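A look at the structure
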Amino acid sequence: MTVWDDLVGQQRVSDQLAAAARDADALVTAAAAGTAPPEASRMTHAWLFTGPPGAGRNQAARAFAAALQCVSPDRALGGSPGCGFCDGCHTALIGTHADVNTIAAVGAVIRVSDMRDTVRKSFTAPATGRWQVILVEDAERLNESSANAVLKAVEEPAPRTVWLLCAPSVEDVLPTIRSRCRHLNLSTPSVDAVADLLVRREGIEPDVAAAAARATQGHVDRARRLATDPAARERRAAVLKLPLRVQDVGSALKAAQELVDAAAEDAKQLAEQRDTKESDELKAALGAVQGGRLPRGTAGVVKELEEMQKRRRTRTQRDSLDVALTDLTGFYRDVLALQLGSRVAIANADAEDALERLARDSSPESTLRRIEAIAACHDALDRNVAPLLAVEAMTMALRAG
């Protein structure tokens, strides 16, 4: 199993990255031997991975990082980097490699304080690996200051440093940054390809895998979670009942409150165990005495961790809401398909009765207005509007049609 096996439906991108990894390996080998590097190389110091949600931007970037750190002895026999089994590949894939640094947005944006140590490290030589790799998972969330810090690092990187930036589209990244990157665009994998992955890699029953892939329209991570997590299936089922519940003002407001509460509870469950572990580890590192009392002068560090955890909980709640809004959009897309007599396959076949009822009782124009109301809720959450206000405005619009 190579590092490229999880890149579903991205053969063109996999081929380009594999070729670049081979050239990168040749560069490192030539430098170690003191010989001249190859004249032509497909390797470069900065890459930009774009594509719609679920296409596998982060997975592609991490697979490339693993291939760059591959230490398989098969390379000397003509094998391609990225075996998937060696220590370099394994630690890069699971996120523990010393020379693969991952930056992701904790809150709504990646602040310059979050990037400072990483940018400084990018100018150093690799500690144990073959390359110093900086992977920015949410490049679209760089604010002005953090984006400028990245720009300075990308303009004049260290000889063995590689930047891997991931964003939904090139327009989400500063022109001055993207002009210095090699751009790779990933496409949404087919439903069949995602279902095949779930069967091969997760051992999921074919009919369950097909239903999860169809419901998520090719979003690999969401399909995996839907197929393996009963709680995720329950949350989705509750969301798909919402369109039939918003018959009056009271029910619309109640549905909004329940949707926000479910997202908050989801974020709380995800955060509790992780936050407790982080706090205990920090207190131990700071030398907390028996009884939990911290040494003098360390309260600021603990407060900083608590603020970071609070921002992360907010981001997790909004990510959970985003999943619910995506499910709602897919629901109304199916309604519209039925209203227009489209031959497009219905994604939410398990809610066919509700789809047919709404398609019969409303017009295509009202369905489009409802889809626009969901998109407006997305935008409001991105602008940090209070979740309950944004979702209430949406459910009232869904009721009005």
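Since we're looking at a predicted model, the values are computed, not measured.

1. Some remarks on the overall build of the protein chain
- When its secondary structure is counted, the protein chain shows 15 helices and five strands.
- Since a compact globule built from 401 residues should have a radius of gyration of about 21 Å, the 24 Å found for the protein chain is in line with a globular shape.
- The burial tally for the protein chain puts 45% of its 401 residues in the buried class.
- Taking contacts inside the protein chain between residues at least 6 apart in sequence as the whole, the part at least 24 apart equals 72%.
- When the accessible surface of the protein chain is split by element, carbon and sulfur atoms take 52% of a total near 20000 Å².
- Across the protein chain, the 50 positively charged side chains and the 54 negatively charged ones have centroids separated by 3 Å.

2. Some remarks on the environment of Val302
- Among the structural elements, Val302 can be located in helix H12 (residues 299-339).
- By relative accessible area, which is 12% here, Val302 ends up buried.
- Sequence separation between Val302 and Ser279 is 23 residues, and the spatial gap between their C-alpha atoms is 7.7 Å.

3. As for the side chain of Thr316
- Here Thr316 is to be found in helix H12.
- Take Thr316: its relative accessible area is 15%, and that puts it in the buried class.
- Beyond its immediate chain neighbours, meaning those up to four positions away, Thr316 contacts Ala267, Leu270 and Arg274.

4. Notes on the packing of aromatic side chains
- In the structure shown here, the tally under the stated rule is two aromatic pairs.
- Seen from their ring centres, Trp47 and Phe64 are 5.0 Å apart, and the 70 degrees between their planes marks the pair as edge-to-face. Of this pair, Trp47 sits in strand E1 (residues 46-50) while Phe64 sits in helix H2 (residues 57-68), and the two are 17 residues apart along the sequence. The same class applies to Trp47 as to Phe64, namely buried.
- When the centroid spacing of 5.6 Å and the interplanar angle of 85 degrees are considered together, the rings of Phe331 and Tyr332 count as edge-to-face. You'll find Phe331 and Tyr332 in the same group, each marked buried.

5. Thoughts on the layout of surface pockets
- In this structure, the second largest pocket occupies an estimated 710 Å³ of space.
- As for the second largest pocket, its lining consists of 20 residues, and the residues nearest its centre are Val106, Asp114, Glu304, Leu305 and Met308.
- Looking at the lining of the second largest pocket, the elements with two or more residues in it are strand E2 (100-103), helix H4 (112-121), helix H11 (249-286) and H12.
- Here the element with the most residues in the lining of the second largest pocket is H12; it accounts for seven residues.
- Taken together, the residues of the lining of the second largest pocket sort by class into seven nonpolar, three polar and 10 charged.

6. A word on the packing of helix H7 (residues 191-202) against helix H8 (residues 206-215)
- As a packed pair, H7 and H8 sit with axes 8 Å apart at the nearest point and diverge in direction by 135 degrees. The angle between H7 and H8 falls in the class oblique. In the crossing of H7 with H8, the sense of the turn from one axis to the other is right-handed. Counting all contacts with H7, which are made through Val191, Val194, Ala195, Leu198 and Val199, the residues of H8 involved are Pro206, Ala209, Ala210, Ala212, Ala213 and Arg214.

7. Considering the state of the cysteines
- Summed over the entire model, instances satisfying the criterion amount to zero disulfides.
- We note that Cys70 lacks a disulfide partner, and the nearest cysteine sulfur, in Cys89, lies 3.7 Å from it.

8. Re unusual backbone geometry
- Residue Gln217 is not a glycine yet carries a positive backbone phi of 55 degrees.
- Take Gln217: it is sitting in the loop between H8 and helix H9 (220-228).
- A positive phi angle is found at Asn384, which is not glycine, with a value near 65 degrees.
- Within the secondary structure layout, Asn384 lies in the loop between helix H14 (364-382) and helix H15 (387-400).

9. Looking at helix H3 (residues 87-94)
- Gly88, Cys89, Thr91 and Ala92 are the residues of H3 that are buried.
- Of the surrounding secondary structure, the elements contacted by the buried residues of H3 are H2 and E2.

10. Remarks on H4
- Of all the positions in H4, only Met115, Thr118 and Val119 are classed as buried. Axial view of H4: buried residues confined to an arc of 100 degrees, hence all on one face.
- Next to the buried residues of H4 lie E2, strand E3 (132-136), helix H5 (144-155) and strand E4 (161-167).

Rules and cut-offs
- Residues numbered from 1 in each chain as written.
- Predicted model: local features only at pLDDT ≥ 70, side-chain atom pairs only at ≥ 80, totals over all residues.
- Heavy atoms only, no water.
- Helix = DSSP H or I, 4+ residues; strand = E, 2+ residues; numbered from the N terminus.
- Rg over C-alpha atoms; globule rule 2.2 N^0.38 Å.
- Buried < 20%, exposed > 50% of the residue type's maximum accessible area, 1.4 Å probe, protein only.
- Contact = heavy atoms within 4.5 Å.
- Areas by Shrake-Rupley, 256 points an atom, 1.4 Å probe, with all protein chains shown as cover.
- Lys, Arg positive; Asp, Glu negative; His and termini not counted.
- Charge placed at Lys NZ, Arg CZ, Asp CG, Glu CD.
- Phe/Tyr/Trp six-rings, centres within 6.5 Å; stacked < 30°, edge-to-face > 60°.
- 1 Å grid on protein atoms, 1.4 Å probe; cavity = no way out; pocket = protein on both sides within 12 Å on 5 of 7 lines; lining within 4 Å.
- Points joined across faces, edges and corners; volume = space filled by probe spheres on them.
- Nonpolar A, V, L, I, M, F, W, Y, C, P; charged D, E, K, R; others polar.
- Axes fitted to C-alpha atoms, helices over the stretch in contact; angles between N-to-C directions.
- Parallel < 35°, antiparallel > 145°, perpendicular 65-115°, else oblique.
- Left-handed = near helix turned anticlockwise from the far one by under 90°.
- Disulfide = S-S within 2.5 Å.
- Arc of directions from axis to C-beta.

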